[in-house]
Amino acid sequence: MSDLPRLYAEHLARDRRRSVHTVRAYEATATRLCGFLTQHWGEAVDRASLARTDTADLRAFLAQRRSDGLTNASAARELSAVRGFLAFATGEGTTPRLKGPRVKKGVPRPVSPDEAVALADDVADDASEPWIGARDLAVLLLLYGAGLRVAEALSLTGAVLPLGATLVVTGKRDKTRIVPLLPQVRAAVEAYVALSPYGTARDAPIFRGAKGGPLSPRLVRRAVQGARVRLGLPDRTTPHALRHSFATHLLGRGADLRALQELLGHASLSSTQIYTQVDAAHLLDVYRNAHPRA
């Protein structure tokens, strides 16, 4: 098997500053493509042979992947990874043109402010120890009260302490931004720090698992899932939905779209504009529920 997928992964991590999850997924796609082409062509794959890849080859690869049960969205991501890999291996502008499957853009569905607070409180109440309850409450309030991604909240280290009115956050591609901290959010984090048995070294993560290691996003998702079931909330109530709710509720209260882009850490305004659709959808729901002729 060619070592090009590994070199591609190193390039993504070092030069493109992609997340660990993206690097892992794109390397897996590159490995699958090389394996498929080795069988498809009956020869070893190298940079020279990859340069001969044409549209028919890519169609055959995607057809095989679709037979594995890939959805349109997953197939589109697979094609994006393939294009990036081929551009890396053979040079920009040499990748065959192939239109990806149509993907219907979903509109994020926010939870209400009451649901967000109830969710955070229930997760904290269900914890096995007081410090773990305080930890979970602080994490979820950072998502809803400051609009952080789960990975951003869990990557905070003791260097951000003591907390002030704002917080410097490092997001995707190592891009930093400043977000305001509500007094309630700051108090929740400070309460957890006071209870945590593992200290707050400047170079160590603030949020720890039960055994002292970094808190896993999987545990956050599992805790939210349990609270969602207990409270009878819909399946869309996930940790990331709290970030969507932060954005939607700010926009509904008149927040400027550019300011919201900065708060969320979006590289492109188009990523933020989806929340205007969310707000319009909410207004339509209100109208339909309240208007006597709706």
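Residues numbered from 1 in each chain as written. Predicted model: local features only at pLDDT ≥ 70, side-chain atom pairs only at ≥ 80, totals over all residues. Heavy atoms only, no water.

**Details of the overall build of the protein**
Our working rule: The numbering of helices and of strands both runs from the N terminus, where a helix is a DSSP run of H or I of at least 4 residues and a strand a run of E of at least 2. Residue burial is assigned from relative accessible area. The probe radius is 1.4 Å, only protein chains are included, and a residue is buried under 20% of its type maximum, exposed over 50%, and partly exposed in between. Any two residues whose heavy atoms approach within 4.5 Å are treated as being in contact. Each accessible area value is a Shrake-Rupley result obtained with a 1.4 Å probe; residue values ignore everything except the protein chains displayed when judging cover.
When you go through the protein residue by residue, the secondary structure sums to 13 helices and 2 strands. Classification of the 294 residues of the protein by burial places 40% in the buried group. Within the protein, counting contacts between residues at least 6 apart in sequence, those at least 24 apart form 60% of the total. As displayed, the protein has an accessible area near 16200 Å², and 53% of this comes from carbon and sulfur atoms.

**Remarks on the pairing of strand 1 (residues 166-170)**
The cut-off we apply is this: Pairing between strands is defined by DSSP: at least two bridges between them are needed.
Of the two faces of strand 1, only one is covered, namely that formed by L167 and V169; the face formed by T166, V168 and T170 stays uncovered. Relative to strand 2 (residues 176-180), strand 1 runs antiparallel, the two sharing 5 bridges. Bridging across to strand 2, V169 finds its partner in R177. Taking the residues that link successive antiparallel strands as the turn, the strand 1-strand 2 hairpin has 5 residues, and the phi of R173 there is positive, at about 55°.

**Some words on the packing of aromatic side chains**
In this description, a pair of aromatic rings is defined by centroid distance and the angle of the planes. Test applied: Classification of ring pairs uses Phe, Tyr and Trp, with its six-membered ring standing for Trp, and accepts pairs whose centres are within 6.5 Å; under 30 degrees between planes counts as stacked, over 60 as edge-to-face, and the remaining range as tilted. Only when the NZ of Lys or the CZ of Arg is both within 6 Å of the ring centre and within 35 degrees of the ring normal is a charge said to sit over the ring.
Under the definition given, this model contains 6 aromatic pairs. Where W131 meets Y198, the ring centres are 5.7 Å apart and the plane angle is 75°; that geometry is what we call edge-to-face. Placement of W131 in helix 7 (residues 130-146) and of Y198 in the loop between helix 9 (183-195) and helix 10 (217-231) is noted, with a sequence separation of 67 residues between them. Three or more aromatic residues joined by ring pairs make a cluster, and in this case those are W131, Y192, Y198 and F207. The residue whose ring lies beneath R47 is F88, and the NZ or CZ to ring-centre distance is 5.3 Å.

**A few points about the side chain of R228**
Put simply, the rule reads: Positive residues here are Lys and Arg, negative ones are Asp and Glu, while His and the chain termini are left out of the count. Basic side-chain nitrogens of Lys or Arg form a salt bridge, by our definition, when they fall within 4 Å of a carboxyl oxygen of Asp or Glu. Pairing of N or O atoms within 3.5 Å defines a polar contact, subject to two protein rules: one partner must be a possible hydrogen donor and the other a possible acceptor, and residues neighboring in sequence count only if both atoms are side-chain atoms.
Here R228 shows up in helix 10. D235 is the oppositely charged side chain nearest to the buried, salt-bridge-free R228, at an N-O distance of 4.1 Å. At 3.3 Å, the side chain of R228 forms a polar contact with the backbone oxygen of D235. Excluding residues that lie within four positions of it along the chain, R228 makes contacts with L119, L233, P234, D235, T237 and T238.

**Details of the pattern of salt bridges**
Using the criterion set out here, one finds 12 salt bridges in the structure. Residues R149 and E152 are paired through a salt bridge, measuring 2.4 Å at the closest nitrogen-oxygen approach. A relative accessible area of 3% means that E152 is categorised as buried. Connected through shared salt-bridge partners, R32, R65, D68 and E78 make up one network.

**Thoughts on helix 4 (residues 55-67)**
Inclusion rule: Under the convention used throughout, the expected extent of a helix is 1.5 Å for every residue step, that is, one less than its residue count. The directions from the helix axis to the C-beta atoms form the arc being described.
Along its 13 residues, helix 4 runs 18 Å from first to last C-alpha, staying within 8% of the 18 Å computed at 1.5 Å per residue. If you check which residues of helix 4 are buried, you get D57, L58, F61, L62 and R65. Viewed end-on, helix 4 has its buried residues packed into an arc of 130°, placing them on one side of the element. Turned more than 90 degrees off the buried face of helix 4, the exposed positions are R59 and S67. Two or three places before A56, at the start of helix 4, stands the capping residue D54, its side-chain oxygen 3.2 Å from that residue's backbone nitrogen. Among the residues trailing helix 4, G69 stands out with phi positive, at a value near 100°.

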